[in-house]
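Coordinates in review
Residues per chain, in single letters:
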Amino acid sequence: IMKGTNLFETELQGSVFRDAEFTGAILKETNFTEAYLINAVFKRAKFEYTDMTGAILNNAEGMVEFDRQVNWRTINFTDAIISTPDQVKEFKRVDLSKTFFSGSQLEQASMKKANLFDADFSKAFLHQVDFSQSNLQQTNFNFAILTEVVFEKANLQKAKLMGAYCHKANFTKADLQKAVLD
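Residues numbered from 1 in each chain as written. Predicted model: local features only at pLDDT ≥ 70, side-chain atom pairs only at ≥ 80, totals over all residues. Heavy atoms only, no water.

The next thing to look at is the overall build of the protein chain. When its secondary structure is counted, the protein chain shows zero helices and ten strands. Taken from N to C terminus, the helices and strands of the protein chain fall in the order β-β-β-β-β-β-β-β-β-β. Taken across its 182 residues, the protein chain has 46% of its residues classed as buried. Taking the contacts inside the protein chain whose residues are at least 6 apart along the sequence as the reference set, 18% of them involve residues at least 24 apart. Accessible surface for the protein chain amounts to roughly 8700 Å². Of this, 45% is attributable to carbon and sulfur atoms. (Helix = DSSP H or I, 4+ residues; strand = E, 2+ residues; numbered from the N terminus. Buried < 20%, exposed > 50% of the residue type's maximum accessible area, 1.4 Å probe, protein only. Contact = heavy atoms within 4.5 Å. Areas by Shrake-Rupley, 256 points an atom, 1.4 Å probe, with all protein chains shown as cover.)

As structure tokens, this is what we get:
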């Protein structure tokens, strides 16, 4: 249990955490590179420039908890695998602006009404992710694989989708003004 723990600039690279409770923890500039976070809870945790490159966030029993009270901005999820079999990952109404998901794998997630302004999903694999009514302005989806992804009523102004593979993606009433699709 790490409730309220100050882990500012702590090196946790390659660490394994099972049933970790990071509620209210200070995780600013913490290095979780290639860490395994199984059944992790991050309620009210404070993130800023946290590195989760190649981390595996997995929860076999429930869902990885992404609390909207958490500042998820500027986190690096490059090449991360966010997996919770048979469960939905909840990022609803969360501020993920300028967050890096480049090369990451995310399946069956809800990012409904999330702020993903200038986020990076380049070369990511996204399956059954719901971006309905989300702010995706200037978000980078270049060369991403987008299968059964929902962008209904999403703001994709100036979004980048060059080389993106879209299979059964739903763009109903999405705003693609000045988006780069080619």
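This part covers the pattern of salt bridges. With the rule as written, the count across this model stands at one salt bridge. For lysine 98, the salt bridge identified is with aspartate 118, shortest N-O distance 3.3 Å. Taken together, the residues span a long stretch of sequence, with lysine 98 in the loop between β5 (89-90) and β6 (105-107) and aspartate 118 in the loop between β7 (109-110) and β8 (125-127) at a distance of 20 residues. Relative accessible area serves as the criterion here: at 29%, aspartate 118 is assigned to the partly exposed category. (Salt bridge = Lys/Arg side-chain N within 4 Å of Asp/Glu carboxyl O.)

Moving on, we get to the packing of aromatic side chains. In this description, an aromatic ring pair is defined by two values, namely the gap between the centres and the angle between the planes. In total, this model carries eleven aromatic pairs according to the counting rule given. Seen in terms of ring centroids, phenylalanine 17 and phenylalanine 22 are 5.5 Å apart; in terms of plane orientation they differ by 70 degrees. Their pairing is edge-to-face. The two residues phenylalanine 17 and phenylalanine 22 agree in class, both being buried. (Phe/Tyr/Trp six-rings, centres within 6.5 Å; stacked < 30°, edge-to-face > 60°.)

Below, the discussion takes up the nonpolar core. Ranked by size, the top nonpolar core spans 46 residues in total, and within it Phe131 and Phe141 carry the most contacts. Not counting residues up to four positions away in its chain, the partners in contact with phenylalanine 131 are Met111, Leu116, Phe121, Leu126, Leu136, Phe141, Val149, Val150, Phe151 and Ala154. (Core = buried A, V, L, I, M, F, W, Y, C linked by side-chain atoms within 4.5 Å.)

Right, let's talk about a positive patch on the surface for a bit. Taken together, the side chains of Lys3, Lys28, Arg44 and Lys46 define a basic patch exposed on the protein surface. Along the chain, lysine 46 turns up in the loop between β2 (36-38) and β3 (56-58). Under the relative-accessibility criterion, lysine 46 is labelled partly exposed at 42%. (Patch = residues over 30% accessible without salt bridge, like charges linked within 9 Å, V, L, I, M, F, W, Y side chains within 5 Å. Lys, Arg positive; Asp, Glu negative; His and termini not counted. Charge placed at Lys NZ, Arg CZ, Asp CG, Glu CD.)

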